[in-house]
Structure formats: C-alpha cells, structure tokens
Amino acid sequence: MSPLEFCIPMFPAELLKAGGIGQYVVQELVSVKQLGSHLHSFRAALKSQGPLCILEHFDTPYSVLHHFQTVDQAVKTETLDLLVKVVSGLAVSLATVLSSPSLPAADRKQQQTAVKMAVFLLCRLVESLESAACLPGYVTAPSKGSKRARPAGGSEPGQWDSDREEVLQCLSQLLQLEIRALWSLSLVDEDFISCVSSCCYKLLETPAISQARSRTCRLAVLHLLGLLVKRYNHMLGASVKVVQFLQHFEHLPSVFAQALQLWTEEYGVKGIVGEVIREISLKSSEEMAREGSGVKAYSCFLAELAALVPEAVLPHVSVILPYLEGECVSLRVGVCEVLGELVLRCLSGEDQAEGRRTLRGQLLDTLQEHCLDTSAQVRARALQLFTRVLQSKALPLVRYRELLCVAVGRLCDRSVIVCKSAIQLLCAFICNNPYSCKLSSADLKAPLEKELAKLRALREQQRPAAPVIEAWEVWQAMEPELLQTVWVELERGSEAEGDREEEIQAQGSAQDAALRVRQLLHGNKYRQAVRLVLSAVTLFPQSELFRCTSPTSADGLMGVLGLVFKGPEKTPDPPTDTPPERSEGPEEDRSEGEKEGEPSELQKQEMLVQYLRDTESFALQVEEAIATIGTMLYWKTTSVVQEAVQFCVAVCEFGVSQSLVVMRRLLPLVWSKDTAVKEAAMEACRRLYLHPQGETQRLKAQTLVHSLSLLMIDASLGTIQCLEEIVLEFLQGSALQASVVQVLWERFTGRSQCSALERRAAVLLLGIAARVEKEVVLSNLDTLISVALGERVTEDFLLARDTCIAITKIADQHKSGSSQPFRLPADHPLFTALTDAITAGLLLSDAHWLSFMEQAINLLYQLSESPDKTCARLLRRSAQQLLDDVAEGGGAQPEGGQSETGDQGGQVRSASLAHLLSLCGSVAFRQLQHLERSVSAELRRRRAAREERDSAPQRRGQQASNESAVEAEMGLTGASADDTEAELIRKICETELLSDDSVLSCFLPLLVSVCSSPGRYSHPPLYTATCLALAKYMMISSTTCERNVQLLVTVLDRAAVPGVRSNAAVAVGDLTVRFPNLLEPWTPHLYARLSDACPSVRLTALTVLTHLVLKDMVKVKGQASEMSLLLVDPDPPIRSLALNFFNELAAKDNAIYNLLPDIISRLSEPDRAVKEDDFNTIIKQLFSYITKDKQSESLVEKLCQRIRTAKECQLRALSQCLSLLPVSDRALGRLQENWECYCDKLGAEGAGLYEALLSLTARMRRGAKPELRAQIEEFERRLTAVHTRGLENVEEGGAPSPSGSPAPGHADRRPTRGKGRSLAAQNGGDSAFSTPRPRPNKGPRAKPCIAFSSDEEDADLDAQLSETETPKVTTPITRSSRRTRLRN
C-alpha cells in the first residue's frame, strides 16, 4: 500500500483536520504524559527501520509540537535530537537512492513524503525553540539545589547555539542533494521551500545573530538560504523577505548585505542584488518619510551592500538616485554612501574606460552637490566620503580646486559636525596632495617666475616668422590699377609738365627720384608716381632706371615703373599665372625636423608651468582656510578644537606659509581647562617640535633647536611663555638635554653658523633650560657677559636684552621657602657689564636700547645685593654723561635729529634725553617693586626664622594643653608684624624714595617740565618716554600722584600722539588700582577715550576699563552707553573685546539690567545720531542677557513709560527695544496695564511701534496655552483697531480689554479731569483743530521721583527713573494707579 500524500500545512493545526482524499492527517494526538514512551518507541524504530520510520511515528514529534508550551525541556531536546538524526539519515540514504538510474514511483513517493515530514517537523520545532529562547525572562522552573534557572532554549547556556548549528548542517546536507528528482518534473513544492526558508528567517530575527559570537550560525543560515536561492528558485521570495525584514529589524542590514555578497560571489546569483534594490525603490519617498527606523535600515543596508559587492550594485545605481531628491534624510545619507563606495571600489584609477570615467564624473558631481544639502547630516556625510576618496587617492586631479573651495566654504557652516568634517577633508587634502611635500606659496613664486620666463622664450622661438612678400607679388597686385592711372596721365599730355619739372628738381638725382617713386607706389599714390616717372624720363635719359624707348606709350612707362619698383636684378618678370615653386632641399628638411622636435620640449615646459600654477593655487587656498580654522581653535566644542589642532599639525608638516602663525595661536591651548583640548595641543607640540628626526643624537638636537628657534623668532611674550612650558616638560625627561644645550651654546657663541634672530632664540631657550638646571646659565655667566654684554653690546641690543631675560631665570623669584634668596655681590662683573652697556647706548639713537635697558634694570634688581646703590650710581653716571655731551656741543647731530634747550644754555639731543628720563622711570618703578616684593618677602623670611629660633625652647618646655593658645597668639603676632612691615614699606615710599636727598627726586621737576610743555618738547619719543616715566614716579607715593594727576589727565585728553594717550590710559588705570580714592574723580576722562579717533587708543581704554570694572575698582555709571557703542566699532578687535566685557559683566547679578535704562535713554537721544542698525545691534546683544521674567516684566513697564514722552526718533528706538524683549505672560500683562502710555502712538506716525508690538505678540503665541493665546489675539485686534481707525473711534466704540474685562481707565470708574477723553473733547469742541484753552498757572511743583511697581515687587532689581528721566510733558492719557489696576 502506497503511503498517503503529505501536504505541508501553513499552520500545524491543519493536520488535525480531515484533508482531501489520500492526504495524511494526524491519527493520534499523544498526551503529554505518554510522550516519553512514544519517544522511546520512536527511537527504537529509528534504530531498527532507519529514517523512514518517520512515516509511522510522525504523530509523536507532532504531539510534542502541539504541546510545546507544557512539555518538559528534556522532551523537547530528545525530540530535536531524534528529528536531526532522521534528517541526517535521509540525507545519507538519499545519496544512494538518487544515484540509481531508475527509481520506482512508489519508492520515490515514499522518500518524498519522508523528506517532507521530517523537514516539516524539524523546522517547526526549531522555530518554536527559537521563539521560546527569544522571549525575555522566559526560563524553566529551577529544580531543587540548582543555583539558577536554565534558559528555555537548551539544557545549559550555549546548548541551543550548538543545536542550531547541527540542525542547519543536516538541512544543508539534505538540500545539497538532488532531491528535486523526488518531485515530478523536478519542481519542488513551494510549501517545502517556504517551510525551510521560514525556519532560516526565524533564526535571523534574533538580534544576537549579528554579533561576532554567532558568526558560525549566521553563516550556516546564509549558506542554507543560498542553496534555496540557487537550486530551488527562491530568489524572488528572498528579495521580498529581505526588504520586509529590513523594515522591521534594525540589526539585519549588515547581515543581509553579507548574505547578498555570499549569494553573489559563492553561489553566482548576481541578479538578486538588482531584485532587492528594485524592491526597495518601489517604495515612494512619502512612504519612506513615514517609516522611521526602517528607512535607516535601508540606508545602512545599501551602504554596506555597495561596499561588499560594488560591481553588482553599479548597474542599478540609477534606481536609487531619485531618493536624493526626497525629504528622507537617512535615505539621502545612505545613497550618498553608496555613491562614495562605488567611486572608491569600482571607479578609482585612471585606467577606466571612457564610459566608466563619465559615470564617475556624474557620481562625484552628485556627491559634491550634496555637500550643500539642506540637512547638516547629509552635508557632513558627503564631506566625510570625499575625505575617504582623497585618502584612497581616487579623486581626479581636475576636481581638486573646485572641491577644495567647497571644503573651505563649509568651514563657516552652522552645524558643528559639518565644520568638523570640513576640517577633516582639508587635512586629507594636505596630507594626500599630489603636488609637493612643501606647500609654501612664497617659496613657489620664484620657481614659477623662472619657468614662465623659459616658457615665454620657447614660445618666442616657436612663433612662425612673418611671411615675406616679394616685390613682384606686390607689383602683380597693383599693376591693373597702375595701368589705368598711366592711361589717364598720358591723355592729359603736356598740361602738367611745369609741375613735373618743379617736382623733379626738388627730388635731386635719379636715385632720389627712384626712391621717391617706390615710396609713392607703396603708399598707393599712383598718380604722383606716374607724373614723377614722366619727368624723370625727360630729365635723366641716360639713367638705366629711367631709360625708355617709347615714353609716350603705356607699355614703356609700365616697364620703367616695374624696373624702378622691382629693381634691376628682377629683369625677367615671373609668370603671372602661378607663383614660383620653392625648391625642396636639405635646409627645408632640417627646419621641419626642428619643428617636429621643438613642440615636445614646449609641451613639457607648459606642463611644468601648469603644475607649478596648480601647486601655488592649492597652497593659496589652504592658506585661506588657515585664517578661518585659526579662530576655531577657541571654540567651545571640544571635537572641533581637536580637529583644528590636527589641521594645524598637518599645515606645519607640509610647510604652508602661515604655519608658524597658526601654531602660535595653538600654543595657548596648553593652558586650556579642557583636558582633551590641552592634551591635543601638547601632543601636537610634541609631534612637531619634541620628536626630532635624525640618525644621531646631535642631528636630532640640531633639528629640534632649529624648529624651536623658528617658533621663538619674533614671538610674543605669551607665545614664549606657552612654549616654555612645553620645552620644560621635554627637557625634564629627555635624553637629548645635554646635546640640545650644547647646540644652543654653539649657536649663541657663533661657533655654529646662524642668523642674529637664531642667536637670540638660542639664548632664550638657554634661559628656559636654566629653569630645569640653574647651572646651565650660572656656570656660563662669563660667556654670556663676554658675548652679549661686552664691548660689542652696542651692535645688537636685542641680543643683550634676551641675554638679560635668560639670566633672570636663575633668580629665586618664584620659589617660596625659608632659604636665603639667591643674590650676587654688587661688584660682580655682570653688573659692571650691565651698567657699562646702559651708559654706552645712552647717547645712541638705537630704537632697541629702551627694551634692553628695561630688562637690564630688572636683572639688577633681581640678582644684585644692593641694586638701589648700583642704580643710583648708574643715574649719576648717565646724567653726567649727558651733561658732558651738552658741554661738548651735543656731538654730531644725526640727520633729521632734534635737540632741546637745556637749563645750562647748551643743546641736548632729544633721543639722549628720552633715554635718560626712561632710565629714571624704570629705576623708580623697579625700586618700588623691589621694596614691595623682595624686601617685604625678605623681612617676612627673617622674622619667621627669628620667631622659629626664639620659640623653639618655649615649645620644648610647654605643656600640651596650652599648644592651641600659643598658636593663636603666634598667629596674631604674625598678622600684626605683617601690618607693621607693610606700613614700613609704605612710609619709605612716601617719604624717602622721592625725598630731597634722593637721586630720583632730582629728575622729577624735569619730568614735570617736559610733560607740561608739549610745544617746547615736541619730539614724539621724548614726550612719550617722559609721560611714561612721570606715571611711574606717581606710582611711588600718593603725594606725587596727587600733585601731578591733573597733568597726567591733561596728557590723556590732549596729547597729539596716540601712543602717549594710550600710555596715559594704562597709567590712569594702574594708579586707580593703587590710589583709588585719588583717581576716582578723574575716571570720566578715561571713559572719554572710548570715543577717541584712534582705534589703538580706544582699544587700550576699553582694555583698562574692562579690568577695572570687572574687578569692581570702578563703577559703571552714565558711561555704560559709551562702552556699548564699541559693540559696533569698525575695528574687529575692539568689537570682540567689548563683547567679552559685556559677557563677563552679565555674570554679575542684575548688572546689565541696571544699566539698560540709561543705555537706551542715551543711545536714543537725537544728539547722539546713532545709526538705527547700530542701535538695533547693540540692544539685541544687551537684551540677550535678560533671562529672568521679572527683569523682562519690569523693562516692559519702563519702556512703556518712556514711550509717553518719546519723540519720533526715540519712539523708533523704544519700539525696537520692545520687539527684542524676552516674552512671557507677565510681560503681556504689563503691556495691558500700561495701555494708556502708548495707545496714542499707535497711529500712522507710530507704525514702528505697532509692528514691534505685533512681532512681540507673535513670539508670545509660540507654544502659548489656549487661555494666553486668546488674550494675545484680543490684544492684537485692539492694536490693529487703534492703528487703523484711531484712538478716538476705538474709545467711543467701547472696545473690550484684552483680558475680556473692562479695560483699565475706560470703564468701572469715572474719568478724572482731563483724562479718559479725546483731545477734541478736552478742547470743548468737535473739531480736532481747535486750540486748547490754557490752564491757569499754579506755580512750580516739586518733581516727584517715580518708582515703578516692578521695583516694588522685586527689591533686588535696582533700576529707578531718575529726575532727568522723568517726563517733562504730560499727555492727556489716563494713567491708572496701581491700586486702581489691582481693583480692576
């Protein structure tokens, strides 16, 4: 009997129902309790009958499936094991059965049914087990003694993973056979294929399948699906399933991309890639925009697919390009990634066919367009893809220039991620540029000019010579017209013979006549030439040129004309029909050979010039980007700063012209509070400067010194301090320290060839090394003195200055401790050399002497044991030297030099006097600094040592119970002693430093005299040095300051030289810190410099006031408007500093709020003439600091009160302020309460106020609640009504208030006199033009100080309307009191 036909059901329960005739149905559903015995029978049958036993025991494993939720795990595991053995057995037995040439139909049917039953049961059981394993928290009940529950999918953790692999292996083994022979026409049932594929897709639903630990299982599933696609016509089904699963499972994009790669490469099913892409493309852009996570999965899948099988994706790229025009950002990103991958993996290289090159150009064009996409995510991804293309060297050279422009433009993008991607692209441009390893545009100019000159010379050689026109050719051209002229002249006969004789006599000889004839013929003056020839024939009959047998015939005259024009050697005329043929000879062959050789050389030169031009253009574009990226180094976004640092490193490594500038901007980042930024800056400096390249230690040291010297040359003080920290870190732990120091000494002493700038950098670096090891400088003082401070000091004062800075590093000024400070004896050769060098340059006109002198005096006070005595001697010596020079007649006056009249009747050079007075000022200031720092610190050190020495015996004999009391007493004693020492120092400064017997006091009258007489002492350097020295003198004592402060302020206001005004501003700021009470009345003069005509003076004044105000040394009063005007200053550094000032001031509570009324009032004055755009910019910036609702509410009321009396220009300004205020519901309430203050200004003349209020309410409406939205709409309707119909019509109509209740001032109260009525009603008539009756004069009344309700509610908001701000003219508008408003 043949077995029944088994049809694989869609649902397993269908097998319990009666099917068609001859179809198999489950005969007996085994209960859970009986499953164990039936499974035992099934196992026994498997051993005895083989895998075909499934035909008889199908009901047993089916019963396990039916009771899956209730059976034990052991039963499930045993069933799975039996089914795996059945399928494996079928695979083994079918290999033999299918190999036989003839298989009976009954046997084939039996084998087919067994295969379908076994596969159906195994796949369904696997799906059930997988579903149970994926359920969260689904575990089996723990048995007694077990420490934890076991997962439902297997008996032990990881058991189900191995079971999966075994199941997939046996299914693959079965499907690899030619089981299609079991079906008629070799067409396997679709249900059978669907059963196996469903099991595979169920396994792919598990998120863990994409993890690395599931790689074996994942590959087994994909191989099994590959068999179905390849052998069992599952390609269409697989395509649909891939698209469906991508929509619902986020972990599958990489899995399916790997699957399609496997099916394409190993199974040869290349068409499935196109099928999947077409399935995705069938979804519309609108549908994609709604899908959410599915779109992201499609995007990732397409990108990974293009990376894995680019050649298979390339033919179908046009299908997905329309998504770039859609609104779905994720899909646009994915398509861009596809384009980038195709360019990278398929279309890179120059050996592409023409069609593929064209396609590459189109893809790159599309990708470049989306660098300007509306979405920041797309723009960033496009830039990132171009970065990868550049790094892979897949970008055609012709696109470099255009793409570089796009990258530079994206540096100013609003999105941080786009800016970061643009910086990365620029780094890739530099690191992968095809031009040169050095990209300095300055270095490229000279080679480019040289090669251009060569190119021009070659082109001149190649330029073809101008064609030579033979005389006979010209004769042929003119002969017809000349013949006509001859006939005309012969017909005239003897009419003009007299004229001809006169003409020929003027011509002279026959040769002169012939030359004249040629000139006339060349000039197309044929008539004159013929007449001249007729005369010459008569006068020169013996001449060979004019000999003519028949002078009266046309042929005879034409022969003479031809002979004269062409010359006697051209007697036989060439044929007129054809030009003579040129002979071909060896010369022509040689010229042609040269022409064939020269173009190749010319082409090479043109290519070289084009290469240099492209390189220069590339370098210039990179330099343009440096300026923008330099500002990004100080952004608040850490990732952008890190990318900017990497760009700076790349710029320096490739030698771009502005690399040193950008590195100096980078160095301050070593002080950054952000750890990541600081580490990036430090690593950049280490990479560029502290990791030198070289084969030996000496070469490495030379490289390091050279790179550091370039950075030190012409660097600012801040840059040197930053670099000092980096070099210190290097020297402290570097094995190169000794070699580096040796190279530095060789450079400084001149044993190594270097420039003067490099010598100065070397000595500064030696000073930095001295901070690590003092002996580096201290043991070589003699060398420093002899080289830089010796007899040749006057040749290079800058080297002497930097040497002083280096020697200063050995002082113990930064060390705190009980040890005695390091000092050198007063008679040390160092100080002798310093004083000699100072006096040697006193009478010289060297611009660098002042800076050297400052550092020399500082060094004296840092290291000398008695610097005051040394400097006193120096001053006397310098003064005597100047007097001697005056006595000798002032020496040789320099060209253009100036001299001033001295008290002794002599002449002194202004430069020498300026040097002397600068020396006095420096000594005075350093003496003050020495007393307050060094002397005071030494007094404290000695007192502490003395107290330590005196209190030691007492502490040894003291009881432990009294230790705290003694410590307190010692603390009080120390504080008292500190006060005493400070008072002593102050007394010395006040009474002794500038006493009559002091050397410094001798120069004070001279300083005052020069500062007081700018007309007499008109030399700018002299006046500048004198004013600065006077300011330093004033720092010493309050008495000197008080006597001369007016003079200093006069200099601040009236000095003609901007540098003098700047110095005076700094001096006033320093004196304000030292003597605040004395300088407080003079601060308005400092504020006045904020409006100085010179930008440098404004910047200095703003810098000084910023420090004073932020340190609470000066209160900002009415001058806040002057500082706010600097927010729109034409000079960018001033604008930046002003913005920083207000940012810092806003950190103080209510500081900006308290200043705003005064700023608005002063800036809106008509006399100030502040431009409307500037006013808007200032107010917008200041209002950005108003963040509290109470502040905003109070400002609304204050602005409404100002509007009452505002003029036209003030009304526009106040309207702009209202439109910029932060919005809140309480602010709307204040607008409603103060309706009377501005309602009469809402007409046509107040259009600006009307628009400002509408913009304010529009911002209020955003996100407002329904109740507030209704109030806003009612308020807008009221505004519009008053604006369009007028206030009188609206009031007569009884318009409701915005809140729905009667408007304040219009209802529920009786109008007071002169209030609540129109102007016409007040005037007693209907006409609006009637003259109002004058009110009786009741005498003056006291002006009240108006306080606003906002100030009453919030005591900490300190802003009040002063008397000057009180309205002077009242309008007949009702203004309700606070009590009335609250009642309403």
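Before any of the text, the structure's been laid out above.
For every chain, the first residue of the written sequence is number 1, and numbering continues from 1 along that sequence. Under the rules for a predicted model, residues below a pLDDT of 70 receive no local features and side-chain atom pairs below 80 are neither given nor counted, while totals for whole chains, interfaces and linings still include all residues. With hydrogens and water excluded, all non-hydrogen atoms of the structure serve as input to the side-chain values.

Trainee: Just to check I follow, could you spell out helix α52 (residues 1172–1183) for this structure?
Mentor: Count 3.6 residues to each turn of an α-helix, and residues three or four apart come out pointing the same way. The way it works is that DSSP assigns letters per residue, a run of H or I at least four long becomes a helix, a run of E at least two long becomes a strand, and they are numbered from the N terminus. In this analysis, the expected span of each helix is defined as 1.5 Å times one less than the number of residues it contains. The end-to-end C-alpha separation of α52 is 16 Å, in line with the 16 Å expected for twelve residues at 1.5 Å each. Between buried and exposed lies partly exposed: a residue is buried under 20% and exposed over 50% of the maximum accessible area for its type, with that area taken using a 1.4 Å probe on protein chains only. All buried positions along α52 are accounted for by Phe-1175, Asn-1176, Ile-1178, Ile-1179, Leu-1182 and Phe-1183. Angularly, the buried residues of α52 cover 165° about the axis, an arc narrow enough to put them on a single face. In α52, the exposed residues that point more than 90 degrees away from the buried face are Asp-1173 and Lys-1180. Comment: arc refers to directions from the helix axis out to C-beta atoms.

Trainee: I tried to follow unusual backbone geometry on my own but got confused; where do I start?
Mentor: What is expected of a backbone is that most residues other than glycine have negative phi and most peptide bonds are trans. At Asn-524, a position not held by glycine, the phi torsion is positive, near 60°. Following the sequence through the fold, Asn-524 ends up in the loop between α23 (510–522) and α24 (526–539). One non-glycine residue with positive phi stands out, namely Asp-1112, at about 60°. By the secondary structure assignment, Asp-1112 is in the loop between α48 (1095–1110) and α49 (1120–1125). Classification of Asp-1112 by relative accessible area gives partly exposed; the value is 47%.

Trainee: Is there a simple way to think about the packing of aromatic side chains in this case?
Mentor: Within a pair of aromatic rings, the relevant descriptors are the distance that separates the centres and the angle that separates the planes. Aromatic rings from Phe, Tyr and Trp, taking only the six-membered ring of Trp, are treated as a pair when their centres fall within 6.5 Å; an angle between ring planes under 30 degrees marks them as stacked, one over 60 as edge-to-face, and anything in between as tilted. Under the definition given, this model contains 15 aromatic pairs. Relative to Phe-245, the ring of Tyr-201 lies with its centre 5.5 Å away and its plane at 50°, an arrangement referred to as tilted. With Tyr-201 in helix α6 (residues 190–204) and Phe-245 in helix α8 (residues 235–248), the pair connects residues that are 44 residues apart, well separated along the chain. Here Tyr-201 matches Phe-245 in class, with each residue buried. Taking the centre distance of 6.4 Å and the plane angle of 80° together, the rings of Phe-245 and Phe-256 count as edge-to-face. Linking Phe-245 in helix α8 with Phe-256 in helix α9 (residues 253–265), this pair joins segments that are eleven residues apart in sequence. Accessibility assignment for this pair places Phe-245 and Phe-256 in one class, buried.

Trainee: I keep staring at the packing of helix α7 (residues 215–231) against α9 and nothing clicks. Help me out?
Mentor: What describes two packed helices is the angle between their axes and the distance between those same axes. The contact between α7 and α9 brings their axes to 10 Å, and the two run at 50°. Relative to α9, α7 is oriented oblique. In this structure, the crossing between α7 and α9 has a hand that is right-handed. Mapping the contact onto sequence places Arg-218, Leu-219, Leu-222, His-223, Leu-225 and Gly-226 in α7 and Val-255, Gln-258, Ala-259, Leu-262 and Trp-263 in α9. To get an axis, fit a line to the C-alpha atoms, keeping to the stretch in contact for a helix; angles then go from 0 to 180 degrees between the N-to-C directions. Here the angle decides the label: under 35 degrees means roughly parallel, over 145 means roughly antiparallel, 65 to 115 means roughly perpendicular, and every other value means oblique. A crossing counts as left-handed when the near helix is turned anticlockwise from the far one by less than a right angle, and as right-handed when that turn is clockwise. We call two residues in contact whenever any of their non-hydrogen atoms come within 4.5 Å of each other.

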